[in-house]
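# Summary of the model geometry
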Amino acid sequence: MSNAMATVPASRTWQRHTVGQKLARTALWLLIAVAVALSVQSINVIWEFLWDAPEQMMDMGRRMWPPDLAYYPKTVHAALMETFHIATLGTIFSMVFALPLSILAAHNITPHKGLNLFAKTMLVSSRSVNSLVWALLFVAVFGPGPLAGAVAIACRSVGFVGKLLGEALEEVHFGAIEALKAAGASQTSQILYGYWPAVKPAFWSIMLLRWDINIRESSVLGLVGAGGLGMAMNAAIDTFEWDRVAVILLTIFAVVVIGEVVVTYFRRRLI
Amino acid sequence: MAAVLNIRGLTKAYKPGMPVLKGIDLDFDERGLTAIIGSSGTGKSTLIRIINRLVNPTEGSILFKGVELSRIEGRQLREVRRRIGMVFQEYNLVERLSVMENLLTGRLGYVSALDAWRRKFPEEDVTHAYELLDIIGLSDFAHQRADSLSGGQRQRVGIARALMQRPEILLADEPTSSLDPKTSVEIMELLKSQGVTNGIPVVVNIHDVELARRFADRIVGMTGGRVVFDGPPAQLTDDHLKMIYGGEGWLQ
C-alpha cells in the first residue's frame, strides 16, 4: 500500500477546466462580444441624444415635480377603478376558458393526442400575442373602452392560466385517481374529487398571480385606447402635463405594491 | 358454495411477446381470505388489478358473478367496478379531503357527479360511513384531513372506503407493505374480520409469508407469471417456498 502511495507523482495538479473547455469558454465570450457590438450597431443609436439624456431626464423630472395631486380625485381615481375592473373581469373570463382547455391539454385526463394538440395550440396562440396587441385588435372590434381591455386581458391570460393549470393537473399523484376509478367513479367525478382537490392550491395561486400581472398590464392598455389608467396617462402625455403623468405613475406604483401585498397574504393563507 | 370469481386462461403482456401472466386459472368462492404470495415482479399486482380492470388483460376470461368483465367498457365497467372494493399499498386517499369525504368517495359510482360535488350523499351513506369509522376506530377523525393521519390510520380509512361500496369482493394490493409489523397485523385482522362479517371473499397480495400463513384460509403461490401453489396454509412447505421465491438461504 505505502509503495503505491509513494509512486504517485508529488505534484498532482487540479484544474477547473480542461484545455478544450477553456477554448470553448473563450470562444463563447468572444461570440457574446461580437453579438453586443453588432446589436449596438444595428439599433442606430443617435449619440447626440444619448449624451443629452441625463439633462433631458432632469428636465422631465423637474416638470413632473410637484405632482398635481388635485388631479387624482378628478380623473385618476375613476380610471384606476376602471383598471381594477378590467383586470378582475379579464381574470375571471380567462378562468372560464382556461379550465376546460387545461383539462383538454392534460394528457393524463384527456388521453387523446388530437385534443391535447388542439388545446395546446389554443393556449400557445393566446400567449404568443401580447396584451397590447390583443387590445389593439379588440379596440378595432368593440371600439375604444374598457370592454376591449377586459377581453384583451382575458385572451392573454387564458394561455398563461391554462398552461400552468394543465401542468399542475398532469402532476397530480395517480394513486388517488386510481382508487376513485376502482370505486367506479365517472370521469367527471374523478376530476371533481381527485384532480380538483389536488390542484386547488395551485389553481388559486395561479389566478392570484395572473390577477396581479393583469393589474399591471391593464394600467397600460389605455395607451391603445382600451380604457383604464393608461388612457388618462396617454391624455396627459399628449398635452405635456407631466405633473399629471407623475400622479398616474405614482398611482400605478402604489397599486402594484398593494396588489403584491394582498396577493402574498392570500397565497400564504391558501397553501 | 357459489363461485364469485372465475379466472380462466388469463394472460397479460405489457410488451408483445413478453407475458407477465402466463395463463392463470383461479376460482374464488363466497368466503375466506386468500393470500397471493410471490416475489416482486411476478405479476401479483397485475393479477389483482386485472380483476377490476385497472389493467386490461391480453387474453382470457374473468367471470364475476356471471358477468364476463374482461372486455366490457364505459358505464358497464363502472357498474362492475363499484361492486369490487380495492385497498392499495400506498393507501391512495385524496390527501386534501377529510376522512369523511374520502369514505364517501366509495359511493362515487352510485352518486351523480353533480350531487357528489355538492356533497349531497344519501343519508344512509353518511350513516354507513359513521358505522365504518366506529369499526376502524377513527370516529373522532371524520373531519380531519387525510394527510394528517399516520400510515396505519390511512390504511384503515382505505379499507373503510372500499367497504363503503358494500363490495361483493375485496381486493388488497400489498396493503401492509408500507406499515410496521404491529400495524400490519392489525390491518390483516381488519381485512379478515370484515370479509367474514360481510360474507365476501378477500384477496390479498402480500410479501410477508408469515402474515399470509397466519391470516389466510388459502394461499396462492406465484412465480414467473404462473400459479405454482394453491392450497391451505398448512400444506405450504419449505419446498413450495423455494419454488415460489427461488433459492433457500433466506429460509434459514
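The structure contained in this document is the topic of the report that follows. Being a predicted model, the structure only gives us computed values, none of them experimental. (Residues numbered from 1 in each chain as written. Chains lettered and ligands numbered in written order. Predicted model: local features only at pLDDT ≥ 70, side-chain atom pairs only at ≥ 80, totals over all residues. Heavy atoms only, no water.)

## Some remarks on the overall build of chain A
The line we're drawing: In this text, helices come from DSSP runs of H or I with a minimum length of four residues, and strands from runs of E with a minimum of two, each type numbered from the N-terminal end. For the radius of gyration, the atom set is restricted to C-alpha positions; the globular benchmark scales as 2.2 Å times the number of residues to the power 0.38. A simple rule labels every residue: compare its accessible area, found with a 1.4 Å probe on the protein chains alone, to the largest value its type can have, and call it buried under 20%, exposed over 50%, or partly exposed in between. A contact between two residues is defined here by any heavy atoms of the two lying within 4.5 Å. Using a 1.4 Å probe, the Shrake-Rupley method yields the accessible areas, and only the shown protein chains count as cover for residues. Residues counted as positive are Lys and Arg, residues counted as negative are Asp and Glu, and His and the chain ends are not counted. Note on charges: their place is set at NZ of Lys, CZ of Arg, CG of Asp or CD of Glu.
In terms of regular secondary structure, chain A is built from eleven helices and zero strands. Along chain A, helices and strands appear, N-terminal first, in the series α-α-α-α-α-α-α-α-α-α-α. The C-alpha atoms of chain A give a radius of gyration of 27 Å, which is well past the 18 Å a tight globule of 271 residues would have. Overall size of chain A, expressed as C-alpha extent along the three principal axes, is 90 × 70 × 35 Å. With 271 residues in all, chain A has 40% of them scored as buried. Once local pairs closer than 6 in sequence are excluded, the contacts in chain A between residues at least 24 apart make up 71%. As displayed, chain A offers around 16100 Å² of accessible surface, 71% of which is attributable to carbon and sulfur atoms. Charge separation in chain A, taken as the distance between the mean sites of 20 positive and 16 negative side-chain charges, equals 14 Å.

## Digging into the packing of helix α10 (residues 229-238) of chain A against helix α11 (residues 242-270) of chain A
Residue and element names in this part refer to chain A. Using the following cut-off: Throughout, an axis means a line fitted to C-alpha atoms (over the contacting stretch in the case of helices), and angles, computed between N-to-C directions, take values from 0 to 180 degrees. Angular relationships are summarised with four words: roughly parallel below 35 degrees, roughly antiparallel beyond 145, roughly perpendicular across 65 to 115, and oblique for the angles in between. Should the near helix be turned anticlockwise from the far one by less than a right angle, the crossing is left-handed, and should it be turned clockwise, the crossing is right-handed. Under the scheme applied here, ten amino acids are nonpolar (Ala, Val, Leu, Ile, Met, Phe, Trp, Tyr, Cys and Pro), four are charged (Asp, Glu, Lys and Arg), and all others, including Gly, are polar.
It is at 8 Å that the axes of α10 and α11 come closest, and there the two elements cross at 160°. Taken as axis vectors, α10 and α11 run roughly antiparallel relative to one another. When you trace α10 past α11, the crossing you get is left-handed. Residues Leu229, Ala232, Met233, Ala236 and Ile237 of α10 form the contact with α11, whose own contacting residues are Trp242, Arg244, Val245, Ile248, Leu249, Thr251 and Ile252. Grouping the constituent residues of the contact of α10 with α11 by class yields ten nonpolar, one polar and one charged.

## A few points about the sheet that holds strand β10 (residues 226-231) of chain B
Residue and element names in this part refer to chain B. Heads up, the condition is: Strand pairing follows a simple DSSP-based rule, namely that at least 2 bridges must link the two strands.
In spatial order, the strands read β6-β7-β8-β3-β9-β10; together these six strands make up an open sheet with mixed pairing. Looking at strand neighbours, the two that pair on one side only are β6 (84-87) and β10, the edges of this open sheet. Each adjacent strand pair in this sheet contributes to an overall mean axis angle of 20°, direction not counted. In this sheet, β10 lies alongside strand β9 (residues 218-223) in antiparallel orientation, the contact comprising five bridges. For Ile219, the partnering residue across the bridge sits in β10 and is Gly231. In the packing of helix α6 (residues 151-164) onto the sheet, the strands contacted are β6 and β7 (169-173), and the crossing angle to β6 comes to about 170°.

## Things to note about the nonpolar core
Residues and elements named next belong to chain B. Rules: For our purposes a nonpolar core is just a set of buried Ala, Val, Leu, Ile, Met, Phe, Trp, Tyr and Cys residues, chained together by side-chain atoms within 4.5 Å.
In terms of nonpolar packing, the biggest core is built from 58 residues, with Leu103 and Leu191 touching the most fellow members. The leading source of residues in this core is α6, at six residues. If sequence neighbours within four positions are ignored, Leu103 has contacts with Ala129, Leu132, Leu133, Val157, Ala160, Arg161 and Met164. Counting residues in each nonpolar core, the second largest holds 31 residues, with Leu5, Leu10, Leu47 and Ile51 among its members.

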